[in-house]
Amino acid sequence: GQGESGYNGAPAGDLLMEVQVREDTQFKLHGHDIEVEVPVSPWEAALGAKVPVPTLGGSVELKIPAGSRSGRKLRLKGRGMPGAHPGDQLVELSIRAPLAGSDAQREAYEALRTSFADFDPRS
């Protein structure tokens, strides 16, 4: 009923709109769901943390469960594309290790290597 009036007093027709959504550098659209990749530090992934996550409605705090791995997807229900049935936002974790820029940082990495001597990330 939002279109133009019909002929000879007929009721208004429907207004049809075609909407195109441009690609975004931060968010990826999959149907009504939105996906975003969020970088986390190794200690946030291993120990758990609360990190800020961008959403269409602004930043929210997301609880990262302890023991998370790179590629894990967490769901923010109802934070996807708005509508009668809003989609969800999927947050994919990407673990980023800092560079060892000082002797103390290299020693810290050496201590980690020694402490996790039996860990093989490729197994």
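Residues numbered from 1 in each chain as written. Predicted model: local features only at pLDDT ≥ 70, side-chain atom pairs only at ≥ 80, totals over all residues. Heavy atoms only, no water.

Asker: Please explain the overall build of the protein as it appears in this structure.
Answerer: The number of helices and strands found in the protein is 2 helices and 6 strands. Ordered by position from N to C terminus, the α and β elements of the protein give β-β-α-β-β-β-β-α. For the protein, the spread of C-alpha atoms along the three principal axes comes to 85 × 25 × 25 Å. A total of 123 residues make up the protein; the buried ones form 21% of that total. For the protein, contacts bridging at least 24 residues in sequence account for 39% of all contacts bridging at least 6. When the accessible surface of the protein is summed, it comes to about 9700 Å², and 53% of that surface belongs to carbon and sulfur atoms. Across the protein, 14 positive and 17 negative side-chain charges occur, with their mean positions spaced 6 Å apart. (Helix = DSSP H or I, 4+ residues; strand = E, 2+ residues; numbered from the N terminus. Buried < 20%, exposed > 50% of the residue type's maximum accessible area, 1.4 Å probe, protein only. Contact = heavy atoms within 4.5 Å. Areas by Shrake-Rupley, 256 points an atom, 1.4 Å probe, with all protein chains shown as cover. Lys, Arg positive; Asp, Glu negative; His and termini not counted. Charge placed at Lys NZ, Arg CZ, Asp CG, Glu CD.)

Asker: Looking at this structure, I do not really get the pattern of salt bridges. What am I missing?
Answerer: Oppositely charged side chains can pair when the atoms bearing their charge come close. Tallying each qualifying case throughout the model produces 6 salt bridges. Put simply, aspartate 103 and arginine 106 hold a salt bridge, and the shortest N to O gap is 2.7 Å. Note that aspartate 103 and arginine 106 are positioned in helix α2 (residues 103–115) at a spacing of 3 residues, about one turn of the helix. Taking relative accessible area as the criterion, arginine 106 reaches 41% and is therefore assigned partly exposed. The partner of aspartate 120 in a salt bridge is arginine 122, and the shortest N-O contact between them spans 3.7 Å. For aspartate 120, a relative accessible area of 36% translates into the label partly exposed. (Salt bridge = Lys/Arg side-chain N within 4 Å of Asp/Glu carboxyl O.)

Asker: Mind showing me how you'd approach the pairing of strand β2 (residues 33–40) here?
Answerer: One ladder, built from 3 bridges, connects strand β1 (residues 28–30) with β2; its direction is antiparallel. Residue pairing for β2: leucine 29 is matched across the bridge by isoleucine 34. (Pairing = 2+ DSSP bridges.)

Asker: Would you mind showing me how to read the sheet that holds strand β6 (residues 89–95) here?
Answerer: Taken in spatial order, the 4 strands make up an open sheet running β1-β2-β6-β5, and their pairing is mixed. Strands at the two margins of the open sheet, each flanked by one partner only, are β1 and β5 (73–76). Ignoring which end each strand starts from, the neighbouring axes of this sheet average 30 degrees apart. Strand direction decides the pairing type here: β5 and β6, joined by 4 bridges, are antiparallel. Bridged to lysine 73 within β6 is glutamate 92. (Axes fitted to C-alpha atoms, helices over the stretch in contact; angles between N-to-C directions.)

Asker: When you look at a nonpolar patch on the surface in this model, what are you seeing that I'm missing?
Answerer: A cluster of nonpolar side chains, contributed by Leu15, Met17, Val19, Val21 and Leu29, occupies part of the molecular surface with about 540 Å² of accessible area. Along the chain, the position of leucine 15 falls in the segment before β1. A residue is classified by how much of its surface remains accessible, and leucine 15, at 53% relative accessible area, is exposed. (Patch = residues over 30% accessible without salt bridge, like charges linked within 9 Å, V, L, I, M, F, W, Y side chains within 5 Å.)

Asker: I'm lost on the nonpolar core in this one. Help?
Answerer: For soluble globular proteins, nonpolar side chains are generally found buried alongside one another. Formed by 16 residues in total, the largest nonpolar core has its most connected members in Val53, Leu62, Ile64 and Val91. For this core, the secondary structure elements donating two or more residues are β2, β3 (49–53), β4 (60–64), β5 and β6. Broken down by element, this core gets its largest block of residues, 4 residues, from β2. In contact with isoleucine 64, other than residues within four places in its own chain, are Val40, Glu44, Gly48, Ala49, Val51, Leu74 and Leu93. (Core = buried A, V, L, I, M, F, W, Y, C linked by side-chain atoms within 4.5 Å.)

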